[in-house]
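# Coordinates in review
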Amino acid sequence: DRRLRRNSAEVPVRAGNPRARELQALRAAVQREPRNADAAAQLARHWVEDALADGDPRFVGYAQAALAPWWNESAPPPAVRVQRAVVHQYEHRFAQALSDLSAVTAAEADNAQAWAWQAAIHMVRADYTAARAACNGLAPLATLLTATACEAYVDALTGNARQASSELGDALGLATDASAEARVWALTRLAEIEERRGEWAAAEAAFRGALSLNVADVYLLSAYADFLLDRGRAGDVLKRLDGRGRADVLLLRLTLAAKATNDSRAAKWADELAARFDAARARGDRTHEKEESRFALALRGDAARALALARANLEQEQREPADMRVLLEAAVAARSREAAAPALQWLDANKVESVVLRTLAERVKALP
C-alpha cells in the first residue's frame, strides 16, 4: 500500500504528552505480540484519530500496518474488523468497509462504533434509509447527544432541517457532561445544518463553539474556512489556518483565501497543491478528486477539467453536499446542464434544504 512506506514504530513520540505515552505503550505491546488483536485495534484507532486531527494520510497507513496480520483474513476479531473498515472507508472502499461493519453488528449488536461508522458511510453514499437504520442501532448504546446528532444528520438532508437544528440544539444544551470531542462533532453538524438553511449567525455561533473547545479536527477547520470564504472573509481564513498547510484540504483553503486577498503566497501554494495532486494521481490515489475539482475551477480556471473531476468523484459514491456543490459549480462554469443531472436528482429526491445548492441548481436550470 502506498501509505506503508514508514512503519509506525519509526514515528517519534513527544515525551511528557499523555496521549504520546499511550501511543508508545500500544506500539510496544504490538511489537512484543503482533497478533494481540485488542492492542493492534487500539493502536490502529489511535492512528486514525491522529489522521482526523492532523490531516496527514500517512497515519492511516500506520493504522493498516498495525492490522497487517489480519488484513486479508475473511473474519478477523471484531475489534480489528471495525478498524479495518475504517481504513477501507478512508480509501473510499465503501463496499468493503460496510461488509466488515455489517458482519460486526450481526455478531455484536451492542458494538456502538460499528453502528456509528455504518451511519457515516451511508451518509457519504446518500443512502439515507440505511443511515437512519444505523442510527437506530446506535441509539440505545450511545449518549442522548450522540444519538440525537446521528438522527439529525439524516433529518437535515431529507427535508427536516429545521427539526434537526432544533433537536440537536436542545440536546447540546442538555449534554453538559459530554466530552469535548462529542460536542465538537455535534456542533460541527449543527453549524453545517444552519449554514445550509441560510442561518448564517447561528452557523457561525456553532462553528465558534466547536472551535472554542480546542480539539484538533481538520474537518472542522476546513468547514469553517469554507463558511468564511463564502462570507467574503478570506483574511480570516489566512489567520485561522496559518501554519496548517500540511493537510491538503487546508492548503486548498489557504490558497483560495490568498488568491481572494491578492496575497503573494497564492502562486507558490497553488503550485504546491498541483504537485501534491499529481503525486497522488501517480500513486493511484483518487481520494482528492473533489478538492482537485475545486482547485481546477477556482485556481486554474479550467472548467472542463473541474467538471471531469467532479463527475469522477461522484463515481466513487461520494455524494455529500460538498460533492454536489463542486459538481454544480463546475457544471455552471462548463455550461453543461446534463452533467449536473445527478446533483439535481439528489436535491429533489431527498428534499434537500440548502440555500447555496438550490441557488446553483437554478443557475444550472437556466442554462440553454
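Look up a bit, the structure's there.
An account of the accompanying structure is given in this report. (Residues numbered from 1 in each chain as written. Predicted model: local features only at pLDDT ≥ 70, side-chain atom pairs only at ≥ 80, totals over all residues. Heavy atoms only, no water.)

### Re the overall build of the protein chain
Per the secondary structure count, the protein chain includes 20 helices and 0 strands. Here the C-alpha atoms of the protein chain give a radius of gyration of 21 Å, agreeing with the 21 Å that 2.2 N^0.38 yields for 368 residues. Reported as C-alpha extents along the three principal axes, the dimensions of the protein chain are approximately 65 × 45 × 40 Å. A sequence separation of at least 24 residues applies to 54% of the contacts in the protein chain between residues at least 6 apart. Carbon and sulfur atoms provide 49% of the accessible area of the protein chain, an area that totals close to 16700 Å². Both charge centroids of the protein chain, one from 50 positive and one from 50 negative side chains, sit 4 Å from each other. (Helix = DSSP H or I, 4+ residues; strand = E, 2+ residues; numbered from the N terminus. Rg over C-alpha atoms; globule rule 2.2 N^0.38 Å. Contact = heavy atoms within 4.5 Å. Areas by Shrake-Rupley, 256 points an atom, 1.4 Å probe, with all protein chains shown as cover. Lys, Arg positive; Asp, Glu negative; His and termini not counted. Charge placed at Lys NZ, Arg CZ, Asp CG, Glu CD.)

### Overview of the state of the cysteines
Put plainly, a disulfide is one covalent bond tying together the sulfur atoms of two cysteines. Applying the stated criterion across every chain, the model contains 1 disulfide. The disulfide that involves cysteine 135 links it to cysteine 150, with 2.0 Å between the sulfurs. Across the disulfide from cysteine 135 to cysteine 150, rotation about the S-S bond amounts to roughly -80°, and the bridge is consequently left-handed. You can see cysteine 135 sitting in helix H7 (residues 128-138) and its partner cysteine 150 sitting in helix H8 (residues 144-155), a full 15 residues away along the chain. Each member of the pair, cysteine 135 together with cysteine 150, is buried. (Disulfide = S-S within 2.5 Å. Buried < 20%, exposed > 50% of the residue type's maximum accessible area, 1.4 Å probe, protein only.)

### Looking at helix H9 (residues 161-174)
One full turn of an α-helix is made of 3.6 residues, so residues set three or four places apart face in the same direction. Here H9 is 14 residues long and its end C-alpha atoms lie 20 Å apart, about the 20 Å a rise of 1.5 Å per residue gives. Every buried residue belonging to H9 is among Ala161, Ala164, Ser165, Leu168, Ala171 and Leu172, and all of these are buried. The arc enclosing the buried residues of H9, seen along the axis, measures out at 135°, which places them on a common side. Facing away from the buried side of H9 by over 90 degrees, the exposed positions are Arg162, Gly173 and Leu174. Packing partners of the buried residues in H9 comprise H8 and helix H10 (180-197). (Expected span 1.5 Å × (residues − 1). Arc of directions from axis to C-beta.)

### Looking at the pattern of salt bridges
Applying the stated criterion across every chain, the model contains 30 salt bridges. With its nearest N and O atoms 2.9 Å apart, the salt bridge here joins arginine 265 to aspartate 263. Judged by relative accessible area, arginine 265 falls into the partly exposed class, the value being 30%. For aspartate 323, the salt bridge identified is with lysine 290, shortest N-O distance 3.8 Å. (Salt bridge = Lys/Arg side-chain N within 4 Å of Asp/Glu carboxyl O.)

### So, the nonpolar core
Counting residues in hydrophobic clusters, the biggest one holds 50 residues, and the most contacted among them are Leu145, Leu168, Leu172, Phe207, Val237, Leu241 and Phe295. For this core, the secondary structure elements donating two or more residues are H8, H9, H10, helix H11 (200-211), helix H12 (218-230), helix H13 (234-240), helix H14 (248-260) and helix H15 (266-282). The biggest single contributor to this core is H12, with 9 residues. If sequence neighbours within four positions are ignored, leucine 168 has contacts with Leu145, Thr148, Ala149, Ala152, Ala186, Arg189, Leu190 and Ile193. Ranked by size, the runner-up nonpolar core spans 37 residues in total, among them Leu314, Val326, Ala343 and Val352. (Core = buried A, V, L, I, M, F, W, Y, C linked by side-chain atoms within 4.5 Å.)

### Some details on the packing of H14 against H15
Look at H14 against H15: their axes get within 9 Å of each other, and the N-to-C directions meet at 150°. The angle between the axes of H14 and H15 places the two elements in the roughly antiparallel class. Between H14 and H15 lies a crossing of left-handed hand. Touching Asp248, Leu251, Leu252, Leu254, Thr255, Ala258 and Lys259 of H14 are Ala266, Trp269, Ala270, Glu272, Leu273 and Arg276, all from H15. A class-by-class count of the residues in the contact of H14 with H15 yields 8 nonpolar, 1 polar and 4 charged. (Axes fitted to C-alpha atoms, helices over the stretch in contact; angles between N-to-C directions. Parallel < 35°, antiparallel > 145°, perpendicular 65-115°, else oblique. Left-handed = near helix turned anticlockwise from the far one by under 90°. Nonpolar A, V, L, I, M, F, W, Y, C, P; charged D, E, K, R; others polar.)

### Re the environment of phenylalanine 207
With respect to the helices, strands and loops of the structure, phenylalanine 207 is situated in helix H11. Owing to a relative accessible area of 0%, phenylalanine 207 belongs among the buried residues under this scheme. For the pair formed by phenylalanine 207 and leucine 187, sequence separation is 20 residues and the distance between their alpha carbons is 6.7 Å.

### What to know about the side chain of glutamate 289
Checked against the element boundaries, glutamate 289 lands in helix H16 (residues 289-298). A relative accessible area of 9% means that glutamate 289 is categorised as buried. Among the polar contacts listed, one links the side chain of glutamate 289 to the backbone nitrogen of asparagine 313, at a separation of 3.4 Å. If we ignore the near neighbours within four places in the chain, the residues touching glutamate 289 are Leu309, Ala312, Asn313 and Gln316. (Polar contact = N/O pair within 3.5 Å; in protein donor to acceptor, adjacent residues only side chain to side chain.)

### Focus: H16
Burial runs high along H16: 7 of the 10 residues are buried. Along H16, the residues that are buried comprise Glu289, Lys290, Glu291, Glu292, Ser293, Phe295 and Ala296. At its buried positions, H16 is contacted by H14, H15, helix H17 (303-315) and helix H18 (321-334).

### As for unusual backbone geometry
With a phi close to 55°, asparagine 214 is a non-glycine residue in the positive phi region. The exposure class assigned to asparagine 214 is exposed, which follows from its relative accessible area of 70%. For glutamate 317, which is not a glycine, the phi torsion comes out positive at approximately 65°. For glutamate 317, the position within the fold is in the loop between H17 and H18. Overall, the relative accessible area of 31% leaves glutamate 317 in the partly exposed class.

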